[in-house]
Each structure stands twice: as C-alpha cells, then as structure tokens.
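# Chains, contacts and geometry: an overview
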Amino acid sequence: MAFDFDLFVIGGGSGGVRAARVAAGETGAKVGLAEESRMGGTCVIRGCVPKKLMVFASEYAEGMQEAVDYGWDVKIGGFDWPKFRTRLEGELDRLEGVYNRLLEGSGVQVFAQRATVVDPHTVRLADGTEYTAKHILIATGGWPSLPGVENEELGITSNEVFHLDELPKRLLVVGGGYIACEMACIFNGLGTEVTQSYRGPQILRGFDGEARGHIAEHMERHGIEIHCGTNIAAMRKVEVGIEVTATTGGTHVFDQVLFATGRTPNSKGLGLQEAGVEIGRRGEVVVDQYSQTSVPSIYAIGDVTNRVQLTPVAIREGMAFVETVFKGNPTAPDHELIPSAVFTQPEYGTVGLSEEDAREAGPIEVYSTAFKPMHKSFIGREDRVLMKLIVCADTRRVLGVHIVADHAGEMIQLAGVAVKMGATKEDFDRTVAVHPTMSEELVTLKTPVRRA
C-alpha cells in the first residue's frame, strides 16, 4: 500500500518536533506534522521557557537589596509587568518562528490545525482532509487539570498565567507540586502577596522529605503564606476580587486564583480508543518500552504517555522512536536516574532516590549538611543551603543527590553525570574541592548523619 506519508506526527511540542525533524532530515522519510495551537508546545509557549524568564525577573528585587547591602547605591523601583510581558511575548514569537523554520528546513510538511486518528494508518485534519501514514506518532503532551470546585472558571492555570493583563496584588496558588511552588516564588519575588493552599501535609510530594521541608521553610521566611491540609470549597466573584472559602472554614479575597493542581495526558478526542489504542486510567496512552501502542503502527511519546513529564525526556523518547522505526536500531528510552530541577527560590536540584525511597530499597547512609553560604552570611541573611548524599551501605554507590541552593539546577546536571556513571561515595571523596564554592560540600561530607 502506498501511503501519503511515512510518518505523521500529531503535536508540535519539543518531542514531536524533534522526532519529525530527525526522521525527515536524517532518514529522508516523508513526514507530516499537525499542531492545532502554537508550534513549540507546552515547554516553549506555556511552560519551561516563559517560566524561567519569569524566574529571572523575580530574582532582581532581592538581588538589588543584596547589592545595597554589599555597598552599591541602588534605587529599587517597582516592577513594570506590561513591559516584561510584551518582551516575553516577543521572545515566544521568536522561538515559535525558530521551530517552524527548523521543520521547514528539514522538509516536514506542517498543518496548522487539529488532527485526529481515523484508523491505524489514517489521520483527519480539522478541515476534513484525510491523509494516510505508515506510522503515526502521538505527541500531544499534557493539559492542566482543575480540581472541580464551585466556580473554578474564575481562576486561571499555567496556560494563562504568562498573559495576565496586570500583576495581581493578592494571589492564591492552589496546589503543592513543583509548578505551584515555582509560581508562588515567582509572584512573591515580583511583589505580589502570595498565599499557597495545598491539601497534603507538605509541599512537593514525591521529592526528598528533608529537601521539601527546607524549601517550605525558606518560602515562608520570604513571605509566602503556605496552608497545608486544606483545599478550596467554593469560589465566587465579588466587587473587590475573588472570594475563596477553604475547606477549613476560612474565607479570603484574592485578585487572582492560580490552579496548579496537576496535569492530565492530552489524549481526549483524538480518536485513539476508536482506532484500538489502549488508554490508561488517567488518560495516558499506554506504550511499551519502545513507545509503541497496542496498535503496531501508532506510537506515542512525551507527557501524553505519563511516563516522565519532562521536556528533555520527551526529546529523548522522540530520538529513540526514530532510531527504532526509521533506522532499524531498536532503542528503548532510558528513564533511569534522570536529573531534574525545581525552580523555586532557592532552586532544588535532584537526581536519583530520595532518602525515603532509598531506605525501602536497602541499608543506606545519609550525608547531609545545611549551612549559610558565604554570599548570604556576609550580609546577615538567614537563608541556608542544603547538600545531601544518599549512599548504599553495601555497594557504596551514590543513590541520590539533593541540592537546595541558588543555581542548584546547574550543579545537579554535573552531579547527574557522576550518579549515572555509578560513582561511589569514595569517588566523591577523592575529588578535590573547588574553594570557595557551595558545591564543594558535596565532596567534603565525611561523616553520615544517620544510617537506615
């Protein structure tokens, strides 16, 4: 059978674009790609990139105050949100253009509309046009979830937060995951009065317990009001803002409510189940180790599979897909020991196991220290850095590294190389410290603080 395309990709995020470009550019495959929104997907348009730029913007207020304490004559003014937003939107437009040019340069045919699956080898565009493809790749990502409370449409999600008309004076962030915590820190840094509400006992569930507590303490010390063990019962619009009633009974008014209550695989309405593709309980496209679905001609990568919701992972999965399907080299993406960073203030960098998970796997030693870094202690700040190693007591391998500090994301990338290579505690010990730095503590931790 002659197909219109060798590969048709549904979704123009980082994973889908990478797979399309490599398949077309390196193997000569005829590739089509449909994206119903903006090219670049969540990371470039509604996630990592605009978020990180907002992180940068939010750090300057404290940076300027520190400059004063260091002796500089600095005039600290207000934050011009419209000016920043205009520049941010211009940068996103530029990046979207880059993605489109990369696809065009690779010979990928782009369709700026929604596409759905008709059968194992056919896709239908929103205008009714149908195309056949030998292989179909689903790369539609995820979508913010809402908690289902009364009048929740009064709030916003991470999709809308970058395009607010004005900076809210009072913001309620609902959720305790990394997006919620990052947004709480960002708006606090921009001068907003921030309250964070989370139904669980502590923010950042799933991460290392000691690091979670360290970050929460820092956030509260810098003015973020965190309420754990509570949720929203109802919301209603009032003259002065949005009135929110908590499950604990209190009622408060905010200018804006941001829901960061999780993300759901974006698989609805794509015709996947009708085509025979297995969909999991949370809406995830079920795939095997090679990203193949229950329909042999249909594959899926990225957040829509709900494996590891990280942009670099989606890109790796896209590359592995091309290796497997178009280069004849079966390649399973490696999901073990993935470094990651939470861009709270300070940042949290982590790779490997938390102390809690490592303890369940076998006997461990924990090396941990919290201290005032030179940069902060010189000007009398109370902020403390956390450095932590989790070590297997039997093999001496470093099972986990946890860093809570400014620029922890940069540090954990290199620590991730060592952990991925199987470095032992003695390998860390043999490494000469770079002095004076915060990160030297990682190679000077001599005595375990506890064994389990």
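Below: a short report on this structure. (Residues numbered from 1 in each chain as written. Predicted model: local features only at pLDDT ≥ 70, side-chain atom pairs only at ≥ 80, totals over all residues. Heavy atoms only, no water.)

## Thoughts on the pairing of strand β21 (residues 398-405)
Rules: Residue burial is assigned from relative accessible area. The probe radius is 1.4 Å, only protein chains are included, and a residue is buried under 20% of its type maximum, exposed over 50%, and partly exposed in between. Counting from the N terminus, the helices are DSSP H or I runs at least four residues long and the strands are E runs at least two residues long. Paired strands are those between which DSSP finds at least two bridges.
Burial within β21 is extensive, with seven of its eight residues counted as buried. Strand direction decides the pairing type here: strand β18 (residues 347-352) and β21, joined by six bridges, are antiparallel. Each residue of the ladder has a partner; that of Thr350, found in β21, is His402. Sheet topology note: the strand β20 (residues 385-392)/β21 ladder contains six bridges and is antiparallel. Each residue of the ladder has a partner; that of Met387, found in β21, is Ile403.

## Notes on the packing of helix α1 (residues 14-27) against helix α4 (residues 81-106)
Quick reminder of the rule: Note on geometry: axes are C-alpha line fits, over the in-contact stretch for helices, and angles between N-to-C directions span 0 to 180 degrees. Orientation labels follow simple angle bins: below 35 degrees gives roughly parallel, above 145 gives roughly antiparallel, 65 to 115 gives roughly perpendicular, and whatever is left gives oblique. The handedness criterion is simple: a crossing whose near helix is rotated anticlockwise from the far helix by less than a right angle is left-handed, and one whose near helix is rotated clockwise is right-handed. The contact definition used throughout considers only heavy atoms, calling two residues in contact when any of these lie within 4.5 Å. Residues are grouped as follows: Ala, Val, Leu, Ile, Met, Phe, Trp, Tyr, Cys and Pro are nonpolar; Asp, Glu, Lys and Arg are charged; all remaining types, including Gly, are polar.
At a closest axis distance of 8 Å, the pairing of α1 and α4 adopts a crossing angle of 25 degrees. It follows that α1 is roughly parallel to α4 by the angle criterion. The two elements α1 and α4 cross, and the hand of that crossing is left-handed. Seen from α1, the contacting residues are Ser14, Val17, Ala20, Arg21, Ala24 and Gly25; seen from α4, they are Tyr99, Leu102, Leu103 and Ser106. Residues that form the contact of α1 with α4 fall into these classes: six nonpolar, three polar and one charged.

## Re the packing of aromatic side chains
Let me state the cut-off plainly: In summary, the pairing rule links any two rings of Phe, Tyr or Trp, Trp by its six-membered ring, whose centres are within 6.5 Å, and it sorts them by plane angle into stacked for under 30 degrees, edge-to-face for over 60 and tilted for everything else.
Considering all chains together, one arrives at 12 aromatic pairs under this definition. Each ring, one from Phe111 and one from Tyr131, has its centre 5.1 Å from the other, and the planes form 45 degrees; the classification is tilted. Of the two residues, Phe111 is situated in strand β3 (residues 109-111) and Tyr131 in strand β6 (residues 130-138); the sequence distance between them amounts to 20 residues. Assessed through its relative accessible area of 8%, Phe111 is described here as buried. Between Phe321 and Phe326, the aromatic rings sit 6.0 Å apart at their centres with planes inclined by 75 degrees, giving edge-to-face as the arrangement.

## Points about the environment of Ala211
Looking at the element boundaries, Ala211 is found in helix α6 (residues 209-221). The exposure class assigned to Ala211 is buried, which follows from its relative accessible area of 0%. As a C-alpha pair, Ala211 and Cys185 span 26 residues in sequence and 16 Å in three-dimensional space. Discounting chain neighbours no more than four positions away, the residues touching Ala211 are Tyr348, Leu386 and Val404.

## A few points about the nonpolar core
This is how the line gets drawn: The definition of a nonpolar core used throughout is a set of buried Ala, Val, Leu, Ile, Met, Phe, Trp, Tyr and Cys residues joined through side-chain atoms within 4.5 Å.
The biggest cluster of nonpolar side chains holds 37 residues, and the ones touching the most others in it are Met54, Phe187 and Met219. Among the elements of the structure, α3 (48-69), α4, β8 (170-174), α5 (178-189) and α6 are those that each provide at least two residues to this core. Counting residues per element, this core draws most heavily on α5, at seven residues. Those residues within four positions of Met54 in sequence are excluded, and the remaining contacts are Trp81, Phe84, Phe162, Ile186, Phe187 and Leu190. Counting residues in hydrophobic clusters, the runner-up holds 25 residues, among them Ala23, Ala29, Ala139 and Ile301.

## Concerning the side chain of Glu66
Among the secondary structure elements, Glu66 is positioned in helix α3. Given the relative accessible area of 7%, Glu66 is considered buried. Leaving out residues up to four positions away in the same chain, Glu66 has contacts with His375, Lys376, Ile379 and Arg381.

## Structural notes on the sheet that holds strand β13 (residues 251-254)
With antiparallel pairing, three strands are arranged side by side in an open sheet as β11-β12-β13. Looking along the sheet, the strands with just one partner apiece sit at the ends: β11 (232-238) and β13. Neighbour-to-neighbour, the strand axes of the sheet open up by a mean angle of 25 degrees, direction not taken into account. Note: strand β12 (residues 241-246) against β13, four bridges, orientation antiparallel. By the bridge assignment, Glu243 is partnered in β13 with Val253.

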